[in-house]
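Observations on the three-dimensional arrangement
Residue-level listing of the chains:
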Amino acid sequence: MSSSTVVQFNIQIGDELTFNVKPLLNEVKHALDKLIETGQSTVIDLRSIPLAPGEEEKILNVLGLGEVQARLDALGLSEVIETRYAGVWIVTHYNDDDHIISRFIEVTSMPEILCSQTEDIMAAYSRLGLTLNDEQKNNVEDS
Amino acid sequence: MSEIEFLNWVRGPGFQIAIIIFVAGVIIRFAEILLLGRKPNLAEAKGSEMRGGLCTIVSRSFPDKNTFQRSAFTEVSGWIFHGGLFITIFLFAPHILMFKDIIGFGWPALPTPVIDAMTVVTIIALLAILVHRINNRALRFISTKEDYFVWLITILPLITGYLAFHRIGMTAPTLLAIHILSVELLMVIFPFTKLMHAFTITLSRWYNGAISGYRGVES
Amino acid sequence: MINDSNRDKTLGETLREQGISRRSFLKFCATTASMMALSPAMIPKIAHALENARRPSVIWLSFQECTGCTESLTRAHTTTIESLIFDFISLDYHHTLQAASGHAAEQARETAMEENYGKYLLIVDGSIPMDNPGYSTIAGISNYDMLMDTAKGAAAIVAVGTCAAYGGIPHAKPNPTGAVSVGDLIKDKPIINVPGCPPIPVVITGTLMQFLTFGSLPELDHIGRPKAFYGKSIHDRCYRRPFYDKGLFAETFDDEGAKKGWCLYKLGCKGPTTYNACATTKWNDGTSFPIEAGHPCLGCSEPDFWDGGSFYKALSMPTENITRTVIYTAAGAAAAGVALGAMNRHKKNQAVATHNRTSIDDLKK
């Protein structure tokens, strides 16, 4: 099928089709205020809000790209970026096929998923111990 | 019966039943009135029956100064709710779709927010009319049970329509079904109550005007 | 799938054994929360519940259905996460997906029922024919017998798809097989309806996860659907709603209004009376949903959606041919009216004829 036979919906990113873009950005502002006043962080699930085609992009465009961009490899790729507004993060989870499976706006000083997790640190400690033990054993056997 | 079954019933068999009673009732009543005939007037005509009749159909809608001063409330509220009913019934886009489905053609609709506002105005006018009817001793005296019943059946579609549009109180299919059912109720009782005046008003006014016209006097 | 020895372990233990990091688990929990339409504030609670949850046995029965629901589920777009969910449950019987066949397959079902009596989760797709049991059988067992037998030991039943939940297409008029829903037959077990034709994949998995995570029924609406997904109508969450409110409608599928993405009400959209999550969850990797593709909603997650007249008739239109009714009625009524009129006239003339005139002489008597 040639592209000309496809009906093009004339929906521009600039058109404000639902009333959800502005309130959402205002909510982010309130969340920032809460973070400053009380230190409490907020998570907004972008998939729980009815958005017209192009509106998610519009929100992301307004928030822009800041100083931090991190890639996680945990059950597929995840992307954690700080927007141009410090304290406002976009967390995007992908599956193995690089499809977005969930996307959140996190208003926090550090998204939880970036921190090393206690359980993982404990597991790492014992794993490292085992590795060192093995090395020692190997050294003893070698000598 | 599930709510969708209820909705399917009022949109299907329920509507059929209502439209059959409505159409048959209106036509039979008209036939009865027209076929009964009038005594031939043997006096010499001093004016035109047709002219007098047609003039009166229009002129009776506008009160003369004295009548208006005597019953300004009745005139104003009457005009508001009749106009409101006309606008909400015939100029709301989904309603026009319904008419178009039956008679094959439609007409332009008013913007939905206008209809919404008119609905509220009409409901308020009808409530005010009820209060007036109860408070005014003369009106209360001449009011029958049928008058109150007809009032109720008239205001119900407005209220249920408003609730259905704003989706207040119940699930959407139930609200819509109740709204359609309330209109079907109106259609069913229409030919057998004073609601019939919506059609017979032209007829009775024409007779009044024609009689005066024949005599060559103003009606 | 994980072997049977893992059935007694918690999900947390199983995952750690598989070398899945806590960070991955957090990602899983965040996506699960999003899937279950829960607030992100619930993520820590989900993490805690899942850590300690145990792997339940699941029996999936397919009756009068088209396998669309299974297709929908197996094509759920969260492949990685999905495989985790499948790891998390022990799908002991699903005659489309299982490798075993014949007696071995039925044996698997019976064994699972015996071993997990009172604890397993029963998933049903498809309606049950009550007319002639021969319309649909599995291994020579009628759908009715298999359902009643398997339901006895189930902790809860999930009716997946509109057929299982409300009868669906087999139940459509004139319902030749006498199809009924699971809820029509079983009254003494908790039933979760997950309707849709097919249901949205993440709504199926979200509902399962909610049951498996918290071990309790999600909050259901008046026709048994989880409120988290079916709490709002398509209309209420439709991005084209502002056009409806302004009265801007597409009149045909290819006019200016259609191209501008205006409301599809006049083209028969059932969004105003349909409760489902399409407008936010969307389909095909969150790409789009029917209304976004320019087609009105059919109302597939509602009972009897097949019997509401044409899909392309607006909700405010009567479903039957009213023009014909009006013409026939008018013709009949006109005849009756003339007859009645003639009778009335006759009565009037008779009254005039039999009227006794009173003269002055009469009064003088």
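The rules behind the values
Residues numbered from 1 in each chain as written. Chains lettered and ligands numbered in written order. Predicted model: local features only at pLDDT ≥ 70, side-chain atom pairs only at ≥ 80, totals over all residues. Heavy atoms only, no water. Helix = DSSP H or I, 4+ residues; strand = E, 2+ residues; numbered from the N terminus. Rg over C-alpha atoms; globule rule 2.2 N^0.38 Å. Buried < 20%, exposed > 50% of the residue type's maximum accessible area, 1.4 Å probe, protein only. Areas by Shrake-Rupley, 256 points an atom, 1.4 Å probe, with all protein chains shown as cover. Lys, Arg positive; Asp, Glu negative; His and termini not counted. Charge placed at Lys NZ, Arg CZ, Asp CG, Glu CD. Contact = heavy atoms within 4.5 Å. pLDDT = per-residue confidence, 0-100. Buried area = accessible area lost by both parts, 1.4 Å probe. Salt bridge = Lys/Arg side-chain N within 4 Å of Asp/Glu carboxyl O. Polar contact = N/O pair within 3.5 Å; in protein donor to acceptor, adjacent residues only side chain to side chain. Core = buried A, V, L, I, M, F, W, Y, C linked by side-chain atoms within 4.5 Å. Pairing = 2+ DSSP bridges. Axes fitted to C-alpha atoms, helices over the stretch in contact; angles between N-to-C directions. Domains from an automatic or database assignment. 1 Å grid on protein atoms, 1.4 Å probe; cavity = no way out; pocket = protein on both sides within 12 Å on 5 of 7 lines; lining within 4 Å. Points joined across faces, edges and corners; volume = space filled by probe spheres on them. Nonpolar A, V, L, I, M, F, W, Y, C, P; charged D, E, K, R; others polar. Expected span 1.5 Å × (residues − 1). Patch = residues over 30% accessible without salt bridge, like charges linked within 9 Å, V, L, I, M, F, W, Y side chains within 5 Å. Arc of directions from axis to C-beta.

1. Points about the overall build of chain C
In terms of helices and strands, chain C carries 17 helices and 9 strands. Relative to the globule expectation of 21 Å for 365 residues, the C-alpha radius of gyration of chain C, 30 Å, shows a markedly less compact shape. Considering only C-alpha atoms, chain C reaches an extent of 125 × 50 × 40 Å along its principal axes. Counting only residues that meet the buried cut, chain C has 57% of its 365 residues in that class. Element-wise, carbon and sulfur atoms account for 55% of the exposed surface of chain C, whose accessible area totals about 15,700 Å². Distance between charge centroids for chain C: 11 Å, based on 36 positive and 36 negative side chains.

2. Some thoughts on the overall build of chain A
The helix and strand tally for chain A stands at 3 helices and 5 strands. Moving toward the C terminus, one meets the helices and strands of chain A in the order α-β-α-β-β-β-β-α. Every one of the 143 residues in chain A was classed for burial, and the buried ones make up 38%. Counting only contacts in chain A whose residues sit at least 6 apart along the sequence, the fraction spanning at least 24 positions is 39%. With an accessible surface of roughly 8,800 Å², chain A has 52% of that area assigned to carbon and sulfur atoms.

3. Considerations on the confidence of the model for chain C
Taken over all residues, the pLDDT of chain C has a mean of 86, while the share at 70 or more is 95%. Counted against residues more than four places away or in other chains, residues 1-5 of chain C, with its pLDDT under 50, gives 9 contacts.

4. Here we look at the interface of chain C and chain B
Contact residues are listed per partner, giving 46 residues for chain C and 36 residues for chain B. Where chain C abuts chain B, roughly 3,600 Å² becomes buried across the two surfaces, and 62% of that area is made up of carbon and sulfur atoms. With a shortest N-O distance of 3.2 Å, Lys313 of chain C and Asp101 of chain B are connected by a salt bridge. At the boundary of chain C with chain B, the tally comes to 21 residue pairs in polar contact (both at pLDDT 80 or more). Mapped by element, the contributors of at least two residues to the side of chain C that touches chain B are α13 (241-246) and α16 (322-354) of chain C. Element by element, the count of residues in the side of chain C that touches chain B is highest for α16 of chain C, at 16 residues.

5. Description of the nonpolar core
Residue and element names in this part refer to chain C. Ranked by internal contacts, the top residues of the largest apolar core, which has 60 residues, are Phe25, Cys29, Leu50, Leu121, Val158, Phe289 and Ile291. The greatest single-element share of this core, amounting to 7 residues, is contributed by helix α11 (residues 201-214). Apart from residues lying up to four places away in sequence, Phe25 is in contact with Leu11, Leu15, Ile20, Ala47, Leu50 and Glu51. Counting 27 residues, the second-largest nonpolar core is a separate cluster that includes Leu122, Val124, Ile157 and Ala164.

6. Thoughts on the sheet that holds strand β5 (residues 100-107) of chain A
Each strand in a sheet pairs with its neighbour through backbone hydrogen bonds, running either in the same direction (parallel) or in the opposite one (antiparallel). Across the sheet, which stays open at both edges, the 5 strands sit in the order β1-β5-β4-β3-β2 (chain A) with antiparallel pairing between neighbours. Two strands close off the open sheet at either side, each with one partner strand: β1 (42-45) and β2 (69-73) of chain A. Neighbour to neighbour, the strand axes of the sheet diverge by 20 degrees on average, direction disregarded. Where β1 of chain A lies against β5 of chain A, 4 bridges are found, and the strand directions are antiparallel. In the sheet register, Val43 of chain A faces β5 of chain A, and the bridge partner there is Glu106 of chain A. Helix α2 (residues 55-63) of chain A contacts β4 (88-94) and β5 of chain A of the sheet and is inclined by roughly 40 degrees relative to β5 of chain A. Across the sheet, helix α2 (residues 22-35) of chain C touches β1, β2, β3 (77-82), β4 and β5 of chain A, and the angle it forms with β5 of chain A is around 95 degrees.

7. Side note on the domain arrangement of chain A
What the domain assignment reports for chain A is domain 1 (13-110) and domain 2 (114-143). In this structure, domain 1 of chain A and domain 2 of chain A have C-alpha centres spaced 37 Å apart.

8. Considerations on the interface of chain A and chain C
Listed as interface residues are 41 residues of chain A and, on the opposing side, 31 residues of chain C. Both sides together, the interface formed by chain A and chain C hides about 3,100 Å², and carbon and sulfur atoms give 61% of it. For the pair chain A and chain C, the interface holds 1 salt bridge. Ionic pairing is found between Glu119 of chain A and Arg22 of chain C, a salt bridge with its closest N-O pair at 3.5 Å. The tally of links from chain A across to chain C stands at 12 residue pairs in polar contact (both at pLDDT 80 or more).

9. As for the confidence of the model for chain A
Summary statistics for chain A give a mean pLDDT of 81 and a share of 86% for residues scoring 70 or more. Per-residue pLDDT stays below 50 along residues 1-14 of chain A; that stretch engages in 18 contacts with residues further than four places along the chain or on separate chains.

10. A few points about the sheet that holds strand β2 (residues 90-94) of chain C
Residue and element names in this part refer to chain C. Taking strand neighbours across the sheet as the criterion, the 5 strands line up as β2-β1-β3-β7-β9 in an open arrangement whose pairing is parallel. Across the chains shown, the open sheet's two edge strands, defined by having one partner strand only, are β2 and β9 (191-194). Taken pair by pair, the neighbouring strands of this sheet meet at an average axis angle of 20 degrees, ignoring direction. Taken together, the 4 bridges between strand β7 (residues 154-160) and β9 define a ladder with parallel strand orientation. Residue pairing in the sheet places Ala159 in a bridge with Asn193 of β9. Docked against the sheet, helix α7 (residues 143-151) engages β1 (57-62), β2, β3 (120-125) and β7, running at close to 160 degrees with respect to β3.

11. Looking at the layout of surface pockets
Approximately 540 Å³ is the volume found for the second largest pocket. Every residue lining the second largest pocket is counted, 23 residues in all, and those nearest its centre are Val43, Glu106 and Glu112 of chain A together with Ile43 and Pro44 of chain C. Those elements that provide at least two residues to the lining of the second largest pocket are β1, β4 and β5 of chain A together with α2 and α3 (43-51) of chain C. Grouping the amino acids of the lining of the second largest pocket by side-chain chemistry returns 13 nonpolar, 6 polar and 4 charged.

12. Re the domain arrangement of chain C
It is common to give the size of an interface as the accessible area lost on bringing the parts into contact. Once the domains are mapped, chain C shows domain 1 (4-230), domain 2 (235-307) and domain 3 (324-353). Here domain 2 of chain C and domain 3 of chain C have C-alpha centroids that lie 49 Å from each other.

13. A closer look at α2 of chain C
All names here are of chain C. In this model α2 runs 19 Å from its N-terminal to its C-terminal C-alpha over 14 residues, within 8% of the 20 Å that 1.5 Å per residue would give. With 13 of its 14 residues buried, α2 lies for the most part within the structure. Once α2 ends, the next one or two residues include Ala37, with phi positive near 55 degrees.

14. Digging into a positive patch on the surface
On the surface, Lys39 of chain B together with Arg345, Lys348 and Arg357 of chain C cluster together into a patch of positive charge. Mapped onto the elements of the fold, Lys348 of chain C is located in helix α16.

15. Description of the pattern of salt bridges
If you walk through the whole model with that rule in mind, you get 16 salt bridges over all chains. Across the pair Lys227 of chain C and Glu219 of chain C runs a salt bridge, and its minimum N-O distance is 3.3 Å. Take Lys227 of chain C: its relative accessible area is 39%, and that puts it in the partly exposed class. A network of salt bridges, in which partner residues are shared, links Arg167 of chain B together with Asp236, Arg241 and Asp245 of chain C.

16. Describing helix α1 (residues 21-38) of chain A
Residue and element names in this part refer to chain A. Compared with the 26 Å implied by 1.5 Å per residue over 18 residues, the 26 Å span of α1 between its first and last C-alpha is a close match. Buried residues of α1: Val21, Leu24, Val28, Ala31 and Leu35, and no others. Angular distribution of buried residues about the axis of α1 spans 75 degrees; they occupy a single face of the element. Among the exposed residues of α1, those pointing more than 90 degrees away from its buried face are Lys22, Lys29, His30, Ile36, Glu37 and Thr38. If you follow the buried residues of α1, they end up packed against β1, α2, β4 and β5. Following α1 by one or two positions, Gly39 adopts a phi angle in the positive range, close to 80 degrees.

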